[in-house]
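What follows is each chain in one-letter form.
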2 protein chains.
Amino acid sequence: MAGTDSSRDPVLGGPVVILVKPQLAENIGAVARAMLNFGLTELRIVAPRDGWPNDNAYAMASRADPVLDAARLFDTTAAAIADLTRVHATTARRRDMVKPVLTPRAAAADMAATLAAGGRAGVLFGGERAGLDNDDVALAATIVEAPTNPAFSSLNLAQAVLLVAYEWFQAGDDRPPVMLDAGRTADAVAAGDLLRFFARLEGELDAGGFLKPPEKRPTMVRNIRNMFQRAGLTDQEVRTLHGIVSALIRPRGD
Amino acid sequence: MAGTDSSRDPVLGGPVVILVKPQLAENIGAVARAMLNFGLTELRIVAPRDGWPNDNAYAMASRADPVLDAARLFDTTAAAIADLTRVHATTARRRDMVKPVLTPRAAAADMAATLAAGGRAGVLFGGERAGLDNDDVALAATIVEAPTNPAFSSLNLAQAVLLVAYEWFQAGDDRPPVMLDAGRTADAVAAGDLLRFFARLEGELDAGGFLKPPEKRPTMVRNIRNMFQRAGLTDQEVRTLHGIVSALIRPRGD
């Protein structure tokens, strides 16, 4: 799923993404790319193993380099979150701590509430090998954990960021869950034209001896009409259907 | 977010993942790993550029190799979907086609309905460079498109699979969106013990001249009690709070 339209700004107000002691710079680039897919632009990096800035990150960022350009470097997690009012800590393994555990979806709603209240949310992601240490988790108000297959859980750093960012974007997205893509030239057929098609089709089916016996004809006709109705036919498609009917009724050998 | 417990089977009945002409074998491995995080185990591969099986896939699979072991190879998309009753095609760019477009979340609900009706669902993912061609899209009933930042959309193949698989798993997951992780030793405090703590604290605050003037005391007490209530205190924590109070009231210099 790849395509880019640079004519609009990304979503504002999204949570800050904080990478705590990330190891590979390439993964920082992958994180920037994951973020920008879902409109997150503010990245903070705490004590990266390979230093910052780092060209290897840009190699993986795939046009998300503005996120890297704007990324801020910190020595400690506490410094990185000082201005935030609601901090979430992502984990894969349970900690021996008494803390609310949110799914990414619930965290997105929580972040939206923070934004609505004039606050600023951030999400901590730990290093690739072992994740956040317990002291970092204690700096956060909640734990965020994606429900995964109990028998296999192996999300990499960019994927963890992706899921949190995805849920943030879905929470604010107005797009209907299902919509009909009408393509460039398609107008829905007017009812009159549709009925004219039905009438023609049924006439031809009668001529071919299909709608029999007579006591079953009304049901057969209804079922056929309902089938075509469900397709949500366009003007062009009805014209096509007329052409199909014509081609089929034409004597063979023409 | 990484951790693995191999004592339970992954979710059954999930959609088949079909990769159509994938290019890099490493990406096939990454796809297998993305799938298994969310309980998807059935992978089909159509005309992979680098052939199949391919060791490079295993290098990226990170213990998801059983998915690769069981993957089936096909020459054509049509052959790969022949036994399926509901096929979805993932895309990033709009096609000039009249087709329902579903979000991954809506697609997950659609797949659950297919399963409930005794059918078999599958999802087509195109090659890394250009995605599915229009002929492949026409083999599907719907298009699945993840809502992304209008200004930047750059999901890689494994990430596209991840989002679809994630939504499938969330649709079937019973886990509450927010829960309190109580840790190993934490029982919620009994109300009597909590009230005893409140009484002690308020007594000490009175002795320190804090709950004044008298007409404001009831409100102050209520606010303090409500604050502690929201923490959902455990037994151990109340004991700790008692210790804190004791330490604070102790004359300095002890």
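Residues numbered from 1 in each chain as written. Chains lettered and ligands numbered in written order. Predicted model: local features only at pLDDT ≥ 70, side-chain atom pairs only at ≥ 80, totals over all residues. Heavy atoms only, no water.

Trainee: Any chance you could break down the overall build of chain A for me, citing the residues and the numbers?
Mentor: Of the regular secondary structure elements, chain A holds 10 helices and 10 strands. Since a compact globule built from 254 residues should have a radius of gyration of about 18 Å, the 28 Å found for chain A marks it as more spread out than a globular shape. Considered along the principal axes of its C-alpha atoms, chain A spans approximately 85 × 40 × 40 Å. By the burial criterion, 46% of the 254 residues in chain A qualify as buried. Taking the contacts inside chain A whose residues are at least 6 apart along the sequence as the reference set, 82% of them involve residues at least 24 apart. Roughly 12300 Å² of accessible area belongs to chain A as shown, and the carbon and sulfur atoms make up 53% of that amount. (Helix = DSSP H or I, 4+ residues; strand = E, 2+ residues; numbered from the N terminus. Rg over C-alpha atoms; globule rule 2.2 N^0.38 Å. Buried < 20%, exposed > 50% of the residue type's maximum accessible area, 1.4 Å probe, protein only. Contact = heavy atoms within 4.5 Å. Areas by Shrake-Rupley, 256 points an atom, 1.4 Å probe, with all protein chains shown as cover.)

Trainee: Tell me about unusual backbone geometry, and please be specific about residues and values.
Mentor: Residues and elements named next belong to chain B. Cis peptide bonds are those with omega within 30 degrees of zero, and the linkage from Trp52 to Pro53 qualifies with -5 degrees. Residue Pro213 is reached from Lys212 by a cis peptide bond, and omega for that bond is -5 degrees. Tracing the backbone through its elements, the reader meets Pro213 in the loop between α8 (191-207) and α9 (217-230). Of note, the phi angle at Arg63 is positive, near 70 degrees, even though the residue is not glycine.

Trainee: Report on a nonpolar patch on the surface, specifying residues and quantitative values.
Mentor: A cluster of nonpolar side chains, A:Ile244, A:Leu248 and A:Ile249, forms an exposed patch at the surface whose accessible area comes to about 280 Å². Inspection of the secondary structure assignment puts A:Leu248 in helix α10 (residues 235-249). (Patch = residues over 30% accessible without salt bridge, like charges linked within 9 Å, V, L, I, M, F, W, Y side chains within 5 Å. Salt bridge = Lys/Arg side-chain N within 4 Å of Asp/Glu carboxyl O.)

Trainee: Hey, could you go over the environment of A:Ile224 for me, with residue numbers and the actual values?
Mentor: Residues and elements named next belong to chain A. Within the secondary structure layout, Ile224 lies in helix α9 (residues 217-230). Given the relative accessible area of 16%, Ile224 is considered buried. Excluding anything up to four places from it in sequence, Ile224 contacts Leu201, Leu205, Phe210 and Leu211.

Trainee: Any chance you could break down the packing of aromatic side chains for me, citing the residues and the numbers?
Mentor: All told, the structure shown has seven aromatic pairs over all chains when counted by the stated rule. Where A:Phe38 meets A:Phe169, the ring centres are 6.0 Å apart and the plane angle is 55 degrees; that geometry is what we call tilted. Here A:Phe38, found in the loop between α1 (25-37) and β3 (43-46), pairs with A:Phe169, found in helix α7 (residues 157-172); they are 131 residues apart in sequence, far enough to count as distant. Classification of A:Phe169 as buried rests on a relative accessible area of 7%. By way of ring pairs, the aromatic residues A:Phe38, A:Tyr166, A:Phe169, B:Phe38, B:Tyr166 and B:Phe169 are connected into one cluster. (Phe/Tyr/Trp six-rings, centres within 6.5 Å; stacked < 30°, edge-to-face > 60°.)

Trainee: Any details on the pattern of salt bridges? Residues and values, ideally.
Mentor: Evaluated as defined, the whole model comprises 22 salt bridges over all chains. A salt bridge links A:Glu42 to A:Arg44; the shortest N-O distance between them is 2.8 Å. Between B:Glu202 and B:Arg225 there is a salt bridge, with the nearest N and O atoms lying 2.7 Å from each other. Of this pair, B:Glu202 sits in helix α8 while B:Arg225 sits in helix α9, and the two are 23 residues apart along the sequence. Taking relative accessible area as the criterion, B:Glu202 reaches 6% and is therefore assigned buried. Three or more residues joined by partner-sharing salt bridges are found here, namely A:Glu42, A:Arg44, A:Asp83 and A:Arg120.

Trainee: Provide a residue-level description of the environment of A:Pro100, including the pertinent values.
Mentor: All names here are of chain A. Along the polypeptide, Pro100 turns up in strand β6 (residues 99-102). On the accessibility criterion, Pro100 (29% relative accessible area) is partly exposed. Between the C-alpha atoms of Pro100 and Ala141, which are 41 residues apart in sequence, the distance is 7.7 Å.

Trainee: Residues and numbers for the nonpolar core, please.
Mentor: Core analysis: the biggest nonpolar cluster contains 86 residues, and A:Leu43 and B:Leu43 have the highest contact counts within it. Those residues within four positions of A:Leu43 in sequence are excluded, and the remaining contacts are A:Val17, A:Leu19, A:Ile28, A:Val31, A:Met35, A:Val67, A:Leu68, A:Ala70, A:Ala71 and A:Arg72. (Core = buried A, V, L, I, M, F, W, Y, C linked by side-chain atoms within 4.5 Å.)

Trainee: Give me the side chain of A:Arg33: which residues, what numbers.
Mentor: Within the fold, A:Arg33 resides in helix α1. No salt bridge is formed by the buried A:Arg33; its nearest oppositely charged neighbour, A:Asp65, is found at 10 Å. If sequence neighbours within four positions are ignored, A:Arg33 has contacts with A:Met60, A:Ala61, A:Ser62, A:Ala64, B:Phe152, B:Ser154, B:Leu155 and B:Asn156. (Lys, Arg positive; Asp, Glu negative; His and termini not counted.)

Everything listed is a geometric property; what it means functionally is a separate question.
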